[in-house]
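Coordinate analysis (summary)
Listed here are the chains, written in short residue letters.
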Amino acid sequence: MTAMTKAPATPAALRVTGLSKSYGSHTVLRDITIDVRAGETLCLIGPSGSGKSTLLKCLNLLETPDSGEIWLGETCLTAARADVDAARARIGMVFQHFNLFPHMSVERNVTLALTAVKGMDREQARQRALRRLAEVGLAAFADRRPAQLSGGQQQRVAIARALAMEPEVMLFDEATSALDPELVKDVLAVMRDLASAGMTMAVVTHEMGFAREAADRVAFMCDGRLAEIDTPDRIFERADHPRLRQFLSQVL
Ligand SMILES: Nc1ncnc2c1ncn2[C@@H]1O[C@H](COP(=O)(O)OP(=O)(O)OP(=O)(O)O)[C@@H](O)[C@H]1O
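Definitions and cut-offs
Residues numbered from 1 in each chain as written. Predicted model: local features only at pLDDT ≥ 70, side-chain atom pairs only at ≥ 80, totals over all residues. Heavy atoms only, no water. Pairing = 2+ DSSP bridges. Helix = DSSP H or I, 4+ residues; strand = E, 2+ residues; numbered from the N terminus. Contact = heavy atoms within 4.5 Å. Axes fitted to C-alpha atoms, helices over the stretch in contact; angles between N-to-C directions. Buried < 20%, exposed > 50% of the residue type's maximum accessible area, 1.4 Å probe, protein only. Core = buried A, V, L, I, M, F, W, Y, C linked by side-chain atoms within 4.5 Å. Expected span 1.5 Å × (residues − 1). Near = heavy atom within 4 Å. Polar contact = N/O pair within 3.5 Å; in protein donor to acceptor, adjacent residues only side chain to side chain. Areas by Shrake-Rupley, 256 points an atom, 1.4 Å probe, with all protein chains shown as cover.

1. Some points on the sheet that holds strand β1 (residues 12-23)
Pairing between sheet strands relies on hydrogen bonds along the backbone, with the strands arranged either parallel or antiparallel. Taken in spatial order, the four strands make up an open sheet running β2-β1-β4-β5, and their pairing is antiparallel. The strands lining the two open edges of the sheet, one partner per strand, are β2 (26-37) and β5 (75-76). Strand direction decides the pairing type here: strand β4 (residues 67-72) and β5, joined by two bridges, are antiparallel. In the strand pairing of β5, Leu72 is matched with Thr75. Strand contacts of helix α1 (residues 52-59): β1, β2 and β4, with the helix running at about 120° to β1, the strand carrying the most contacts.

Put into C-alpha cells, the structure is as follows:
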C-alpha cells in the first residue's frame, strides 16, 4: 500500500491575523485576517476610505496596527523586538507618487539605497540598476533626470528602484492613480510581467481590468473589513455580497 501524499500547501509569504487600526475614534481596519501566498498576486479593491492603503501601510510598517500580527515568512513584524529596518528591506513598496530625487540621475535614484542601505559597491550597484531598468523598459534612460521622463516612466523607475533591493514581496499602493490615462498601460504591463514572473505582490488598485486579468485572488474591502476574498472570476462574475455588487456596478 502506498502512503497517501498530501499536496504541500502554498506557503504564505505574508500573513496577517486579527489586524485592527484606529485613528482616534475612527476605526479604519477591523480584525483583518488575510495572507499573500508565495508567488501570488493579490489585488485589494473596495470603495474609497475602506482601509486598503492603511492595510498596505501596516504591512510595510509605515503604520502601526493597534492589534493583530503580521508575519513575513517566519518573522513576526509586529513583535516588540522586531527589527523594523531589516524587515522593511525585505518588502518593496511602490506608491501613487514616485518620490524620485529630482537632482539625481535615474540610475542614481535606483542605486542610492543599494549603496547607502545595503553597502553595495558603486559599480556592482550600477550593474544591478541597469538590469532592473532594462526589465522595466528604461535601459536607455539611466543617465536622464526624472523631470526628463513621463510620469509613467518615472513610476517604472520607482518600480525598478524597489526591485533592485530584491524584495520578497512587492506592495503597490494605487501605483497608477496619479498618471494620465495614456501612461497607465505601460506601468500595468510592467506589473503584469512581474506577476507572470512569480513575484509575490499585494496590489491596491482601482484598475479593475488589472485585478480581473492579473490577480490570482481579489480581496474586497468595505468599511475596514475584509468582506470577500476569492478568485477574480468569482469576485467579478459571481459576486453575491451586496456591497461588492454595488461597488462593481459603480466602477465597471
Ligand atoms: N493618517 C491618518 N489619520 C487619520 N485618518 C486617516 C489617516 N490615514 C487614513 N485615514 C482615514 O482612514 C480611512 C481609510 O483610509 P485609506 O486611505 O486606508 O482608504 P482606501 O481604501 O485606501 O481609500 P482610497 O481608495 O480613497 O485611497 C479613511 O477614512 C481615511 O480618511
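Here the narrative resumes.
2. Topic: unusual backbone geometry
Located in the positive-phi region is Glu166, a residue other than glycine, with phi close to 50°. With respect to the element layout, Glu166 can be found in the loop between α5 (151-164) and β7 (169-173). Within the chain, Glu174 stands out as a residue other than glycine whose phi angle is a positive 50°. Note on placement: Glu174 falls in the loop between β7 and α6 (181-196). Using a relative accessible area of 15% as the deciding quantity, one classes Glu174 as buried.

3. A look at the nonpolar core
Membership of the largest hydrophobic core comes to 53 residues, with the highest contact counts inside it found for Ile45, Ile159, Met170, Phe172 and Met191. Dropping the residues within four chain positions of it, Phe172 is found in contact with Leu56, Val94, Ile159, Met191, Leu194, Met201, Ala202, Val203 and Val204. Of all hydrophobic cores here, the second largest spans 28 residues; its members include Val28, Leu29, Leu55 and Ala87.

4. Some points on the sheet that holds β7
Read from one edge to the other, the open sheet built from six strands follows the order β6-β7-β8-β3-β9-β10, with strand pairing classed as mixed. Whereas interior strands pair on both sides, the edge strands pair on one side only; in this sheet they are β6 (91-94) and β10 (225-230). Between one strand axis and the next, the sheet turns through 20° on average, direction left out of account. As paired strands, strand β3 (residues 41-45) and strand β8 (residues 200-204) are joined by four bridges and run parallel to one another. Bridge pairing links Thr41 to Met201 in β8. Packing of α5 onto the sheet brings it into contact with β6 and β7, and relative to β6 it is tilted by some 170°. Of the strands in this sheet, β3, β7 and β8 are in contact with α6, which crosses β8 at around 145°.

5. Examining α5
For α5, spanning 14 residues, the distance from its first C-alpha to its last is 20 Å, which sits close to the expected 20 Å at 1.5 Å a residue. Within α5, 13 of the 14 residues are buried, leaving the element largely enclosed by the surrounding structure. Glu166 sits one or two residues past α5 and shows a positive phi near 50°.

6. Topic: the site of the ligand
Around the ligand, a shell composed of 13 residues is seen, among which Ser48, Gly49, Lys52, Thr54 and Glu174 lie nearest. In this structure, an oxygen atom belonging to the ligand sits 3.0 Å away from a main-chain N or O atom of Gly51. Take Glu174: an N or O atom from its side chain is 2.8 Å from an oxygen atom of the ligand. If the ligand stood free it would expose 640 Å²; the protein chains cover 63% of that surface. Among the elements of the structure, β2 and α1 are those that each provide at least two residues to the shell around the ligand. Broken down by element, the shell around the ligand gets its largest block of residues, three residues, from α1.

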